[in-house]
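# Secondary and tertiary structure notes
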Amino acid sequence: MGQIIVMTSGKGGVGKTTSSAAFAAGFALRGRKTVVIDFDVGLRNLDLVMGCERRVVFDFINVINGEAKLAQALVKDKRIENLYILPTSQTRDKDALTKEGVEAVMDELRKDFEFIICDSPAGIERGALMALYFADQAIIVTNPEVSSVRDSDRILGMLAARSRRAELGLAPVTEHLLLTRYDPHRVERGEMMTLDDVLDILAIPLLGVIPESPAVLRASNVGLPVIMDESSNAGMAYADAVARFLGENVEHRFVKPTRRGLFSRLLGRPV
């Protein structure tokens, strides 16, 4: 049976969709059959980041409402074997996500996929709560700023109290921390929270630190999961995080300031 992984946060704009796309691509590149689902009904973005927006005919809500079969709504990635996308609707309301409908889709996906990644909306509205309800594992995405960390702490409370595992008295959702948009130089200047401060507040295992990088925007603009940009710091950091999730012992990089030489500074080479 497949594992359901929710990519979640309390605050918007922290990189959940970027991270969902990166992890889905990373798992599939390692031979794991993976599907990534957009739960942000009305504000569909996952298909853009994955570069398949023109191929969407049916969506998650069509499947829930019985207007299409799951196989009709799944979009197979053209670049990576074993990777599929389930987009959501741009025109429906979030109330279209019913617990019974989502459960039926999840049960069907569990039979065929090893990993089911749920790209959650921010906050604690219906779409977000539905995404985390069925989770076996949760990746908490946060930035090193007080409001983002505080809101992520609230999401941890929701996972502990509002998930199906909590309802049924099962083992709790396994939690992982993914710290995004981290800039060690700004941390050194006191402009961002330190990694240790974030870990002290949230007190969950660190899965990865993703550095601030122009590669993330470049990848989104061309519809390419940033993990496929193997020359960028962000791409390498996501690959490291995927490896750790799969049980590999990988040292954390990009957490300390690096001193670039004069030639690199003059070039202003992006990473």
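In case you missed it, the structure is sitting above this.
Here is a short report on the structure shown in this document.

About the criteria used
Residues numbered from 1 in each chain as written. Predicted model: local features only at pLDDT ≥ 70, side-chain atom pairs only at ≥ 80, totals over all residues. Heavy atoms only, no water. Helix = DSSP H or I, 4+ residues; strand = E, 2+ residues; numbered from the N terminus. Rg over C-alpha atoms; globule rule 2.2 N^0.38 Å. Buried < 20%, exposed > 50% of the residue type's maximum accessible area, 1.4 Å probe, protein only. Arc of directions from axis to C-beta. Phe/Tyr/Trp six-rings, centres within 6.5 Å; stacked < 30°, edge-to-face > 60°. Axes fitted to C-alpha atoms, helices over the stretch in contact; angles between N-to-C directions. Left-handed = near helix turned anticlockwise from the far one by under 90°. Contact = heavy atoms within 4.5 Å. Nonpolar A, V, L, I, M, F, W, Y, C, P; charged D, E, K, R; others polar. Salt bridge = Lys/Arg side-chain N within 4 Å of Asp/Glu carboxyl O. Core = buried A, V, L, I, M, F, W, Y, C linked by side-chain atoms within 4.5 Å. Pairing = 2+ DSSP bridges. Expected span 1.5 Å × (residues − 1).

Helix and strand content of the protein chain: 13 helices and eight strands. Rg of the C-alpha trace for the protein chain: 18 Å, near the compact-globule value of 18 Å for 271 residues, within the 12% margin. By principal-axis analysis of the C-alpha atoms, the protein chain measures approximately 60 × 40 × 35 Å. In the protein chain, which comprises 271 residues, the proportion classed as buried is 52%.

This part is about helix 10 (residues 195–202). The periodicity of an α-helix, 3.6 residues per turn, causes residues three or four positions apart to be oriented the same way. L195, V198 and L202 are the residues of helix 10 that are buried. Down the axis of helix 10, the buried side of the element spans an arc of 65°, and every buried residue falls inside it. In helix 10, the exposed positions angled more than 90 degrees off the buried face are occupied by D196 and D200. A positive backbone phi angle near 55° is found at A203, which sits one or two residues after helix 10.

Following the criterion strictly, the structure yields eight aromatic pairs and no others. Summarising the aromatic geometry, the rings of F27 and F115 are spaced 4.3 Å apart at their centres and angled 25° between planes, so their arrangement reads as stacked. A residue pair is termed long-range when its members are at least 10 positions apart, and F27 in helix 1 (residues 16–29) and F115 in strand 5 (residues 115–119) qualify at 88 residues. On the basis of relative accessible area, F115 is assigned to the buried category, the value being 6%. Pairing F27 with F245 gives two aromatic rings, centres 5.4 Å apart and planes at 55°, and the pair type is tilted.

What follows deals with the packing of helix 1 against helix 12 (residues 233–245). Two elements in contact, helix 1 and helix 12, have axes whose closest approach is 9 Å; the angle formed by their N-to-C orientations is 60°. Crossing angle aside, the handedness with which helix 1 passes helix 12 is right-handed. Along its contact with helix 1, which presents T18, S19, A22, F23, G26 and F27, the element helix 12 presents Y238, A241, V242 and F245. Class assignment of the residues belonging to the contact of helix 1 with helix 12 gives a composition of seven nonpolar, three polar and no charged.

Scanning the entire structure with this criterion turns up 18 salt bridges. Where R44 meets D47, a salt bridge forms, and the shortest distance between an N and an O atom there is 3.3 Å. The partner of R218 in a salt bridge is D229, and the shortest N-O contact between them spans 3.7 Å. Of the two residues, R218 sits in helix 11 (residues 214–222) while D229 sits in the loop between helix 11 and helix 12, which places them eleven residues apart along the sequence. Given a relative accessible area of 39%, R218 falls into the partly exposed group. Among the ionic contacts, a cluster of salt bridges with common partners joins R110, D136 and R165.

Moving on: the nonpolar core. Residues F39, F60, L86, L97, V102, M106 and L109 are the most contacted members of the largest nonpolar core, which totals 50 residues. Apart from residues no more than four positions distant in its own chain, L109 is found in contact with V35, I37, L70, L74 and I116. A22, V141, A219 and A234 belong to the second largest nonpolar core, which has 37 residues in total.

The next point concerns the sheet that holds strand 8 (residues 206–211). Spatial strand order, 3-4-2-5-1-6-7-8: eight strands in an open sheet with mixed pairing. Each having just a single partner strand, strand 3 (75–76) and strand 8 make up the two edges of the open sheet. Packed onto the sheet, helix 10 meets strand 6 (137–142), strand 7 (174–182) and strand 8 and runs at close to 150° relative to strand 7. Contacting strand 1 (3–8), strand 5, strand 6, strand 7 and strand 8, helix 12 runs over the sheet at an angle of about 175° to strand 8.

Now for helix 1. In a regular helix each residue adds 1.5 Å, so 14 residues correspond to 20 Å; helix 1 covers 20 Å between its end C-alpha atoms and thus fits that length. Here helix 1 lies mainly inside the structure; twelve of its 14 residues are buried. Listing the buried residues of helix 1 in full gives K16, T18, S19, S20, A21, A22, F23, A24, A25, G26, F27 and A28. Among the residues trailing helix 1, G31 stands out with phi positive, at a value near 85°.

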